[in-house]
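The chain contents come next:
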Amino acid sequence: MKNLKLMVIGLGFLSFLSCKQTSQYAVEKYVEGENAKLPVDVTAYMSYDSIKCDKEGNKVVMYFAVFNDLVIKGLQQTDVESSKMVMIDMLQKDAKTQTLLSVVKEAGYSIAITYLTKESEKILDVTIDPEEFDKKVDASQSENNLRNKIDADLKTIKSLCPRELDEVTILKDAEMDWDNMRFTYMYQLHDIEIEDKEMAKESLREQLMPTMLGPAMSVFRESNITIVYQYELGDDTIRVVFMPEDYK
């Protein structure tokens, strides 16, 4: 009887081990397939570079490279917990990442989202553990998380202004009007001439649209916020406006 009990225990362990190995294999194959599609640009200043399976650490790591000092400093001042809640909400709602959540949860893996400089120096690391994958965020909590993140981002941007972005553009300020759900970036242009204001406006809109539709602006899309890019050149002002319906 003793030998029979030991054999049953042994079979149970082998069954568990088999399931564990199968789920780990599923993670490895998923990561391998996704990594083959990378890198991809997220915005003009950020790319999704790679996704790796860390078997020793029991986690899947998503690596993002950041190329802009302003964005880097913003990430360095990010509140990790509020960012984590926003990320969990986004992962749950995105059909593409629902598969990732499913396979890593089955294997008992965490998901780490790591932002690096072009020199591979770590900027920010957010880890989501398996028990947090199904964490439900009710509508009011989700709205508060989004508001807190936007307010924190706004505070960071203001602390870095004025900021020279390139040879002709300075980011002067930013403001959030919660009453009208409108976020405005304020720029100053210099050492440049604009002959056709409407053509310049359309050109700027075309250049900005990929950013507006990318992951970096998902918080604004989730909150149905209007985004205004306001450029001042002497006495002229050019405003490029993205309404919530433009994100659909």
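These notes cover the structure that comes with them. (Residues numbered from 1 in each chain as written. Predicted model: local features only at pLDDT ≥ 70, side-chain atom pairs only at ≥ 80, totals over all residues. Heavy atoms only, no water.)

**A word on the pairing of strand E3 (residues 59-66)**
Right, so step 1: Within E3, 6 of the 8 residues are buried, which leaves it mostly tucked inside the rest of the structure.
Right, so step 2: Inspection of the sheet shows strand E2 (residues 46-54) paired to E3 by 8 bridges, in the antiparallel sense. For tyrosine 48, the partnering residue across the bridge sits in E3 and is phenylalanine 64.
Right, so step 3: A loop of 4 residues connects E2 with E3, the two strands running antiparallel in sequence, and asparagine 58 in this loop sits at a positive phi of about 50°.
Right, so step 4: Two strands pair when backbone bridges link them, and E3 and strand E4 (residues 110-117) are joined in this way by 8 bridges, in the parallel orientation. Looking across to E4, one finds that valine 61 is bridged to alanine 112. (Buried < 20%, exposed > 50% of the residue type's maximum accessible area, 1.4 Å probe, protein only. Helix = DSSP H or I, 4+ residues; strand = E, 2+ residues; numbered from the N terminus. Pairing = 2+ DSSP bridges.)

**Re a negative patch on the surface**
Right, so step 1: Residues Glu193, Glu195, Asp196, Glu198, Glu202 and Glu206 make up a contiguous surface patch of negative charge.
Right, so step 2: Along the chain, the position of glutamate 195 falls in the loop between strand E8 (182-189) and helix H6 (197-213).
Right, so step 3: We classify glutamate 195 as exposed; its relative accessible area is 81%. (Patch = residues over 30% accessible without salt bridge, like charges linked within 9 Å, V, L, I, M, F, W, Y side chains within 5 Å. Areas by Shrake-Rupley, 256 points an atom, 1.4 Å probe, with all protein chains shown as cover. Salt bridge = Lys/Arg side-chain N within 4 Å of Asp/Glu carboxyl O. Lys, Arg positive; Asp, Glu negative; His and termini not counted. Charge placed at Lys NZ, Arg CZ, Asp CG, Glu CD.)

**A short note on the sheet that holds E8**
Right, so step 1: Spatially, 5 strands are ordered E6-E7-E8-E9-E10 in an open sheet, and the strand pairing comes out mixed. At either margin of the open sheet sits one strand with a lone partner, and together these are strand E6 (163-164) and strand E10 (236-242).
Right, so step 2: Looking at chain direction, strand E7 (residues 169-177) and E8 are connected through 8 bridges and run antiparallel. Counted as the bridge partner of methionine 176 is phenylalanine 183 from E8.
Right, so step 3: Contacts from H6 reach strand E9 (226-233) and E10 within the one sheet, and its direction differs from that of E10 by about 35°. (Contact = heavy atoms within 4.5 Å. Axes fitted to C-alpha atoms, helices over the stretch in contact; angles between N-to-C directions.)

**What about the environment of aspartate 177?**
Right, so step 1: Within the secondary structure, aspartate 177 sits in strand E7.
Right, so step 2: Taking the C-alpha atoms as reference, aspartate 177 lies 9.5 Å from isoleucine 225; in sequence the two are 48 residues apart.
Right, so step 3: For aspartate 177, the side chain forms a polar contact with the main-chain nitrogen of aspartate 179, separated by 3.1 Å. (Polar contact = N/O pair within 3.5 Å; in protein donor to acceptor, adjacent residues only side chain to side chain.)

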